[in-house]
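Topology and contacts: notes
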Amino acid sequence: QVQLVESGGGLVEPGGSLRLSCATSGFFFSNAVMNWYRQAPGKERELVAAITNGRGSTNYADSVKGRFTISRDNAKSTVYLQMNSLQPEDTAMYYCNAVRTSWGNLLDYWGQGTQVTVSS
């Protein structure tokens, strides 16, 4: 059974930091591209950061470049999102996503989300 469990969200003041974790199980983590998405109330879900399998190349939304860092620990089957210099506009539900291929099929898994609220 595939599981993605996010943690680390919470309430933080502007300028603060949080580190999100997504612990996974039930699939070959090392082969998966891992993503962090977020969705604010009334807005569409947006891709925040991605990290590939293999070399672990990363990509970020323009709005978070220089502030957020995605990383992965294949030994722990866990992906992280370090978020610094948080701003109120970063307030959203953050979701972990895994994408991999199996026998030519694209498989897509999601966590339940963790809430991040940036407010003074």
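We now turn to the structure provided with this report. (Residues numbered from 1 in each chain as written. Predicted model: local features only at pLDDT ≥ 70, side-chain atom pairs only at ≥ 80, totals over all residues. Heavy atoms only, no water.)

1. Focus on the overall build of the protein
Our working rule: The helix count covers DSSP runs of H or I at least four residues long, the strand count covers runs of E at least two residues long, and both are numbered beginning at the N terminus. Here the radius of gyration uses the C-alpha set of atoms, whereas the globule reference equals 2.2 Å times the residue count to the power 0.38. Only protein chains enter the calculation, and the probe is 1.4 Å; a residue is then buried if its accessible area is under 20% of its type maximum, exposed if over 50%, and partly exposed in between. His is not counted, nor are the chain ends, whereas Lys and Arg count as positive and Asp and Glu as negative. A charged residue contributes its charge at one atom only: NZ of Lys, CZ of Arg, CG of Asp or CD of Glu.
Each helix and strand counted, the protein has zero helices and eleven strands in total. When its helices and strands are written in sequence order, the protein yields β-β-β-β-β-β-β-β-β-β-β. Against the compact-globule benchmark of 14 Å for 120 residues, the protein has a radius of gyration of 14 Å, which places it among compact chains. Taking the principal axes of its C-alpha atoms as reference, the protein extends roughly 50 × 25 × 25 Å. When burial is assessed residue by residue, the protein has 42% of its 120 residues classed as buried. Each charge sign in the protein was given a centre, from 10 positive and 9 negative side chains, and these centres are 8 Å apart.

2. Digging into the sheet that holds strand β8 (residues 78-83)
Two modes of strand pairing occur in sheets, parallel and antiparallel, and in both the strands are linked by backbone hydrogen bonds. Note the threshold: By definition, two strands form a pair when at least two bridges between them are found by DSSP. In this description, a line fitted to the C-alpha atoms serves as the axis of each element, helices being fitted only across the stretch in contact, and the angle between N-to-C directions of two axes falls anywhere from 0 to 180 degrees.
One open sheet accounts for four strands, arranged β1-β3-β8-β7; its pairing is antiparallel. The strands lining the two open edges of the sheet, one partner per strand, are β1 (3-7) and β7 (68-73). Going from strand to strand, the sheet's axes swing by 15 degrees on average, the running direction of each strand aside. Judged from the five bridges that link them, β1 and strand β3 (residues 18-25) form a sheet pairing that is antiparallel. Its bridge partner being in β3, Val5 is matched across the sheet by Ala23.

3. Considering the environment of Ser85
Heads up, the rule is: What makes two residues a contact is simply this: any of their non-hydrogen atoms within 4.5 Å.
Mapped onto the fold, Ser85 is located in the loop between β8 and β9 (92-102). Residue class for Ser85 comes out partly exposed when judged on its relative accessible area of 37%. It is 9.5 Å that separates the C-alpha atoms of Ser85 and Glu13, two residues lying 72 residues apart in sequence. Dropping the residues within four chain positions of it, Ser85 is found in contact with Gly15, Gly16, Ser17, Arg67 and Asp90.

4. Let's talk about the state of the cysteines
Note the following rule: Sulfur atoms of two cysteines make up a disulfide when they are within 2.5 Å.
Enumeration over the complete set of coordinates arrives at one disulfide. Across the disulfide, Cys22 is cross-linked to Cys96 (sulfur-sulfur distance 2.1 Å). Since a negative S-S torsion denotes a left-handed disulfide, the Cys22-Cys96 link at about -80 degrees is left-handed. Of the two residues, Cys22 sits in strand β3 while Cys96 sits in strand β9, which places them 74 residues apart along the sequence. Of the two residues, Cys22 and Cys96, neither departs from the other in class, the shared state being buried.

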